[in-house]
Structure formats: C-alpha cells, structure tokens
Amino acid sequence: AAYAEKRLPCIVFDNADQFSSKAQDAIFQMANSFAATSPVLNIVPITDRTVWRLSKAGALQSYTAKSFYLPVPEAKQILQKRIEYVKDKLNNDKDLAKKYFSSKGFRVTLDNIDRFAQAVERLFVDNDFVSGLIGRLANFNIRRMLQIAQRIFLSPEIRIDEVVRGSFGVQPGPSEILRIHRAILKGEYDRYSDVENEYIYNLFWTDAVSPSSPLLSFYLLWVLRQRLKAARADSVDSRHWTAGELAQLFEACGVSGDQTLRVLQRLRDRVLIETLDPNVLSVSLGERVAVTEAGIAHIELALTSGVYLEQMSMATGLNRRTTFHQIRDLRDKANSTAFEAMRRLFVDYLIEVDSIRISFPTAKEY
C-alpha cells in the first residue's frame, strides 16, 4: 500500500512506558520489522528516564533511531483543549448537552451552556494558581490532571452557582484558595481520607509497628529537592540518589534503614518520588530515586497550606491521648479560630515528637 499510494505510513506506539522492559523492547523490535518490509515512520513517545535506561542497554542501541525532546504541556493547555472539545460537542447536539449536565447533577439550562463552559474555563484555564497546582499534583499526567479538575469541580466546597455567575475563580483571594485546597483534599467527603484520595499524601504518617519521626517523609522530600536543585539540567542521573545513601544519611540521626526504606516505598507508591527505572515497584537500597513535581507540591502544601495541616491533624495517628482529644474538640467547633488552634496544636505535636525520634548531627551536611 505504501508503494501503490505513494504515501508514508506513520505508526505511533503511545504509552510505551506503562509496560515492562521486555514489552518495550518487543515494541521496538516490532516497529523495526515494519521498517524492514516497507517505508514507514515509527514514533514511540518515551520519558527521559526510559531513554537513559535504554541508552545503557536496550533496543535504542540495536536499531537506528532519531530522538526529539518534547516538553510536557502545561495543565492549562490540556484543560483548554478538553473544554473546547466539550463546548463543540454540546453546541452541536442540544440533546447530548441536556443529558450530560443532568447526569452530573448540574441544573444548567440550554441557553447558558456557553456561559457554563466559560465559567469552567475561567476557573481552570485562566487561573494559573489552580491549573499550576493541578499539573504538579498530577506530575503532568493528562489523565490524572483531568481527574483532579473533576474532583475540584464536583466538590461541595465549590458552589456551581457562584462559578457560573462569575463571582468565583477570577482572581482567587485567601478564602477562595482555602476552598480550592479543601476541594482537592476532601473531594465529595467531609474530611480528608488517605484511602479515598490518591492525589494527596499525608506526609506525617508513621508506621504503627515501627514508628519513626512524623517529619521523616518531609525531610526525605526536602533532601531530594535540594539534590534536584543542584543537578545538571542535561543529566537525569544527577537528580537521583540511591536509597542506600539516603538510609545512611538518616541512620546517623537515629533512623533505622528499614524505617527510611518503608517511608521511601510509600512515597514511591504515591508518586511523590520516582525510581530511575519506572518498572521498579519495590524500593531497595541500590535503587536510585528522585523527587517528582507532586513531591515538591506536597512540600509547599505542608509549609503554606493551613487546610493541609488542618486535614492532616484529623487523619494522622497520634500517640498522645490528650492531643487527640484536644484536636477532636476543636474540630467539633468548626470555626476559623478553632481550626487555627488545631493547626498550632498539631504542629507543636509534630515538632515535639520529631525532637524525640530524630537527633541531627552538627556536621555541615546536616
């Protein structure tokens, strides 16, 4: 067909990184077999980590290929395209529009569908704060970005009538930022749930069997972020540290190697850190890890978001009954003064327990 039509077939093998190394190599070999029988352009999108791995040993060494770097699109670009698609579909089919909005529980008349879509666009696209936070928490994964956007929009914290009227999301003030944070953390529930929320991780979690400092996750992310800042832009390897080096670093602080590995594994499972080989599921001492955009976003949430601290204070296991009862009583009052007192109480608890379980040496690297 390529010779008869005098056209160049183009085949795109997308999402190859989701498969094992063996499957990825088989995809490269299949693409090469097509090229051996007919003129064909094969395109295989892969991440820079996979390029690094394959450059050491793999299909890229065996076959001729040309590599191009494509930057990850911003969250606002992804959301803009989806909104334009929905607007186009709904404007062309009024019955589809009516069915779509009723299935979502929105009471929107057909006359203001455009207005409704513009409101969504204003909240997620024109607002750099919202789109930027969505992108980083999703590690710029398109599917996860759309799911987080849906989570925000369907949360009771975001009132649809305010969005449609244009009184929400134009230039978010402190109160609106709080509501957006609560929408991400709580979703359609009345509080944060670690089981229900796959996008937000409780940095202050500790293992009940072998409890470490409640700030160990934060410290690990911070150290890896410092590593990222010092890394060369053209070197994937320099952004990573071996888990063994991190365990050794914190062992001098009184943290056992098993505790460090356990926390690293949880951070890996929640994609706050990544392994150099994306196919590795279990973090071992020899595995190289690096912080992700979601991990950096969590550092910022812990340092700047009162909502994050407020919700984590209700979700974190506490080993002091008096603190537990105080936080519970403040939670029941449910006012701004009580929430501020709750956050202060929780932070004081974290610092006190941390000072008991971790002791930093005076050496320069600490």
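This structure is a prediction, so every number in the text was calculated from the model and none was measured.

### Some points on unusual backbone geometry
In step 1: We note that F140 has phi near 60°; this positive angle belongs to a residue other than glycine.
In step 2: The exposure class assigned to F140 is partly exposed, which follows from its relative accessible area of 27%.
In step 3: Backbone geometry places V271, a non-glycine residue, at a positive phi of 55°.
In step 4: Structurally, V271 can be placed in the loop between α14 (257-269) and β4 (273-275).

### Quick look at the side chain of S217
In step 1: Inspection of the secondary structure puts S217 in helix α12 (residues 216-230).
In step 2: Residue S217 is classed as buried on the basis of its relative accessible area of 1%.
In step 3: If sequence neighbours within four positions are ignored, S217 has contacts with Y201, L203, V263 and L267.

### Section: the pattern of salt bridges
In step 1: Applying the stated criterion across every chain, the model contains 13 salt bridges.
In step 2: Measuring nitrogen to oxygen at the nearest pair gives 3.1 Å for the salt bridge that ties R144 to E198. Placement of the pair is R144 in helix α9 (residues 142-154) and E198 in the loop between α11 (174-186) and α12, with a sequence separation of 54 residues.
In step 3: A relative accessible area of 12% places R144 in the buried class.
In step 4: A salt bridge links E310 to R343, with the shortest nitrogen-to-oxygen separation between them at 3.7 Å. One end of the pair, E310, is in helix α16 (residues 306-315); the other, R343, is in helix α18 (residues 336-357), and 33 residues separate them in sequence.
In step 5: By sharing partners, the salt bridges in this structure join R182, E310 and R343 into a single network.

### Brief notes about the pairing of strand β5 (residues 288-291)
In step 1: In the sheet, strand β3 (residues 241-242) pairs with β5 via two bridges, with the strands oriented antiparallel. Along β5, the bridge assignment pairs T242 with R288.

Calculation criteria
Residues numbered from 1 in each chain as written. Predicted model: local features only at pLDDT ≥ 70, side-chain atom pairs only at ≥ 80, totals over all residues. Heavy atoms only, no water. Buried < 20%, exposed > 50% of the residue type's maximum accessible area, 1.4 Å probe, protein only. Helix = DSSP H or I, 4+ residues; strand = E, 2+ residues; numbered from the N terminus. Contact = heavy atoms within 4.5 Å. Salt bridge = Lys/Arg side-chain N within 4 Å of Asp/Glu carboxyl O. Pairing = 2+ DSSP bridges.

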